[in-house]
Amino acid sequence: MPQVFIEIPSPLSDCITFCEIECVLACCGISAVSTDPVHVDDWCRQAGSAAVIEARLQLATLIDVVEDRSSQVVSMFLNHRTHNEASRRELLDFLTAIEAGLKASDAS
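The model shown is predicted, which means the values in this text are computed figures rather than measured ones.

Undergrad: Residue-level account of the pattern of salt bridges, with values.
TA: For the structure shown, the criterion picks out four salt bridges. Here Arg69 ties to Glu85 by a salt bridge, and the two come within 2.8 Å at their closest N and O atoms. With a gap of 16 residues between them, Arg69 in the loop between helix H4 (49–67) and strand E2 (72–75) and Glu85 in helix H5 (residues 85–107) connect regions that are remote in the sequence. What makes Glu85 partly exposed here is its relative accessible area of 42%. Residue Asp93 is joined to Arg89 by a salt bridge in which the shortest nitrogen-to-oxygen separation is 2.9 Å. Residue Asp93 and its partner Arg89 are both found in helix H5; the two are separated by four residues, about one turn of the helix. Accessibility expressed as a relative area gives 40% for Arg89, which makes it partly exposed. Through salt bridges with shared partners, a single network forms among Asp41, Asp42 and Arg45.

Undergrad: Tell me about H4, and please be specific about residues and values.
TA: Over its 19 residues, H4 runs 27 Å from end to end, which matches the ideal 27 Å to within 8%, given 1.5 Å per residue. Listed in full, the buried residues belonging to H4 are Ala51, Val52, Ala55, Gln58, Leu59, Leu62, Ile63 and Val66. Down the axis of H4, the smallest arc covering the buried residues is 145°, so these residues share one side. Exposed residues on H4 whose side chains face more than 90 degrees from its buried face are Ser49, Ala50, Ile53, Leu57 and Asp64.

Undergrad: Can you break down helix H3 (residues 37–47) residue by residue, with the values?
TA: One turn of an α-helix holds 3.6 residues; hence residues three or four places apart share an orientation. Taken as a whole, H3 has its buried residues at Val40, Asp41, Trp43 and Cys44. When H3 is viewed along its axis, its buried side chains cluster within an angular range of 160° and face the same direction. Every exposed residue of H3 that faces more than 90 degrees away from the buried side is listed here: Val38, Arg45 and Gln46. Measuring from the side-chain oxygen of the N-cap residue of H3 to the backbone nitrogen of Val38 gives 2.8 Å; that N-cap residue is Asp36. Once H3 finishes, Gly48 follows within two positions and takes phi at roughly 95°, a positive value.

Undergrad: Let's hear about the sheet that holds strand E3 (residues 80–81): which residues, and what values?
TA: Strand pairing in a sheet relies on backbone hydrogen bonds, with the paired strands running either antiparallel or parallel. As summarised here, the arrangement of the three strands in space is E1-E2-E3, forming an open sheet in which the pairing is mixed. Two strands bound the open sheet, and with one partner strand each, they are strand E1 (3–5) and E3. Relative to E3, E2 is paired through two bridges, and the arrangement is antiparallel. Among the inter-strand pairings, Ser75 is bridged to a residue of E3, identified as His80.

Undergrad: Please provide a residue-by-residue account of the nonpolar core, values included.
TA: In terms of nonpolar packing, the biggest core is built from 27 residues, with Phe94, Ile98 and Leu102 touching the most fellow members. Contributing elements (two or more residues each) for this core: helix H1 (12–18), H3, H4 and H5. At seven residues, H4 tops the list of elements feeding residues into this core. Dropping the residues within four chain positions of it, Phe94 is found in contact with Ile16, Ile30, Val33, Thr35 and Leu78.

The rules we used
- Residues numbered from 1 in each chain as written.
- Predicted model: local features only at pLDDT ≥ 70, side-chain atom pairs only at ≥ 80, totals over all residues.
- Heavy atoms only, no water.
- Salt bridge = Lys/Arg side-chain N within 4 Å of Asp/Glu carboxyl O.
- Helix = DSSP H or I, 4+ residues; strand = E, 2+ residues; numbered from the N terminus.
- Buried < 20%, exposed > 50% of the residue type's maximum accessible area, 1.4 Å probe, protein only.
- Expected span 1.5 Å × (residues − 1).
- Arc of directions from axis to C-beta.
- Polar contact = N/O pair within 3.5 Å; in protein donor to acceptor, adjacent residues only side chain to side chain.
- Pairing = 2+ DSSP bridges.
- Core = buried A, V, L, I, M, F, W, Y, C linked by side-chain atoms within 4.5 Å.
- Contact = heavy atoms within 4.5 Å.

Here it is in C-alpha cells:
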C-alpha cells in the first residue's frame, strides 16, 4: 500500500503542541497530547479566532486524507503511521477529538 506523508501546518500544529501535556510527541506520539476540550479551549483563547478558523480548515483537510483508506498515512510530527485499521481509527479519534475541542470554543 502506498504511503502518504502528511505535514501538520501552523496553526494546527501549534494547537497540538500546546496540548502536548501527557508526554512528548517524539516519545509517545498522539498519546502525548491531551484532547480535553478545556486544553484545546485554552489554546483557542490564546491564539484568537483567525487561528482557530484556520486550524479547523487544516484539520478538515487532514481528516479527509486519513479517512482515505487507499494509502497509509505517515506523520513525522505526530509520530504516527496508519499501518493497520486500528492505528487509522486511533488517529481519526484523535483528530475528531481535537476538532470537537475547536468547535466547542466557538460556543465559548
